[in-house]
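Listed here are the chains, written in short residue letters.
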Amino acid sequence: MKTGNVIVDKSQDFAYRIIRMYKYLCDEKHEYTLSKQVLRSGTSIGANVKEAVRGQSTADFYAKMNIALKEASETEYWINLLHEGNYINQKSYESIYSDCQELIRILISITKNQKR
């Protein structure tokens, strides 16, 4: 369900992509270690964004968005490892990596604005 909030919607859509990739990695590639890591960090982005939106204060909002940014950076790392390990092909990698980079850019923008 779309909320109209760009970061909430994009992080939730990304989580759905991560879940589908996790299922593919487990079912087709029989890869369970890296896939579990990317599942955890990739779905955590949206969970932290959602918590931030419902934050009790500006400081709480900033802290949760910062955690979401850290999770997005970690997810980027796992995506790279999955690609370099030949678990995901170039086309899939470029697509999901691009989405991850977009989330990182948005989260950097949000957290930089909060610091001011």
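Residues numbered from 1 in each chain as written. Predicted model: local features only at pLDDT ≥ 70, side-chain atom pairs only at ≥ 80, totals over all residues. Heavy atoms only, no water.

**Student:** Would you mind going over the state of the cysteines with me for this structure?
**Tutor:** Here, the word disulfide means a covalent bond between the sulfur atoms of two cysteines. On inspection of all chains with the given rule, the structure shows zero disulfides. The thiol of C26 is unpaired, and the distance to the nearest cysteine sulfur, on C100, comes to 19 Å. (Disulfide = S-S within 2.5 Å.)

**Student:** So what exactly am I meant to see when it comes to the packing of helix 2 (residues 33–53) against helix 3 (residues 58–84) here?
**Tutor:** How two helices sit against one another is set out by the angle between their axes and by the gap between those axes. Relative orientation of the contacting elements helix 2 and helix 3 amounts to 160 degrees, with a least axis distance of 8 Å. Classed by the angle they form, the pair helix 2 and helix 3 counts as roughly antiparallel. Our pair here, helix 2 against helix 3, has a crossing hand that is left-handed. The residue makeup of the contact of helix 2 with helix 3, split by class, is 15 nonpolar, six polar and five charged. (Axes fitted to C-alpha atoms, helices over the stretch in contact; angles between N-to-C directions. Helix = DSSP H or I, 4+ residues; strand = E, 2+ residues; numbered from the N terminus. Parallel < 35°, antiparallel > 145°, perpendicular 65-115°, else oblique. Left-handed = near helix turned anticlockwise from the far one by under 90°. Nonpolar A, V, L, I, M, F, W, Y, C, P; charged D, E, K, R; others polar.)

**Student:** Please clarify how the environment of K64 should be interpreted in this entry.
**Tutor:** Within the secondary structure, K64 is located in helix 3. As for K64 and K50, which are separated by 14 residues in sequence, their C-alpha atoms are 8.7 Å apart. Ignoring sequence-local partners within four residues, the contact set of K64 consists of N48, E51 and A52. (Contact = heavy atoms within 4.5 Å.)

**Student:** Before we go on, may I ask you to explain the nonpolar core in this structure?
**Tutor:** For soluble globular proteins, the rule of thumb is that nonpolar side chains tend to be buried together. Judged by nonpolar contacts, the single largest core of 28 residues is most densely connected at I7, F14, M21, I79 and L107. If you list the elements that add at least two residues to this core, you get helix 1 (6–27), helix 2, helix 3 and helix 4 (90–115). It is helix 4 that provides the largest number of residues to this core, a total of eight residues. (Core = buried A, V, L, I, M, F, W, Y, C linked by side-chain atoms within 4.5 Å. Buried < 20%, exposed > 50% of the residue type's maximum accessible area, 1.4 Å probe, protein only.)

**Student:** Could you clarify how one ought to interpret the packing of helix 1 against helix 2 in this entry?
**Tutor:** For the pair helix 1 and helix 2, the least separation of the axes is 9 Å and the interaxial angle reads 165 degrees. When the axis of helix 1 is compared with that of helix 2, the two are roughly antiparallel. The crossing of helix 1 and helix 2 is left-handed. Contacts between helix 1 and helix 2 involve I7, V8, S11, F14, A15, I18, I19, M21, Y22, L25 and C26 on the former and, on the latter, S35, K36, V38, L39, G42, T43, I45, G46, V49, K50 and V53. Residues that form the contact of helix 1 with helix 2 fall into these classes: 15 nonpolar, five polar and two charged.

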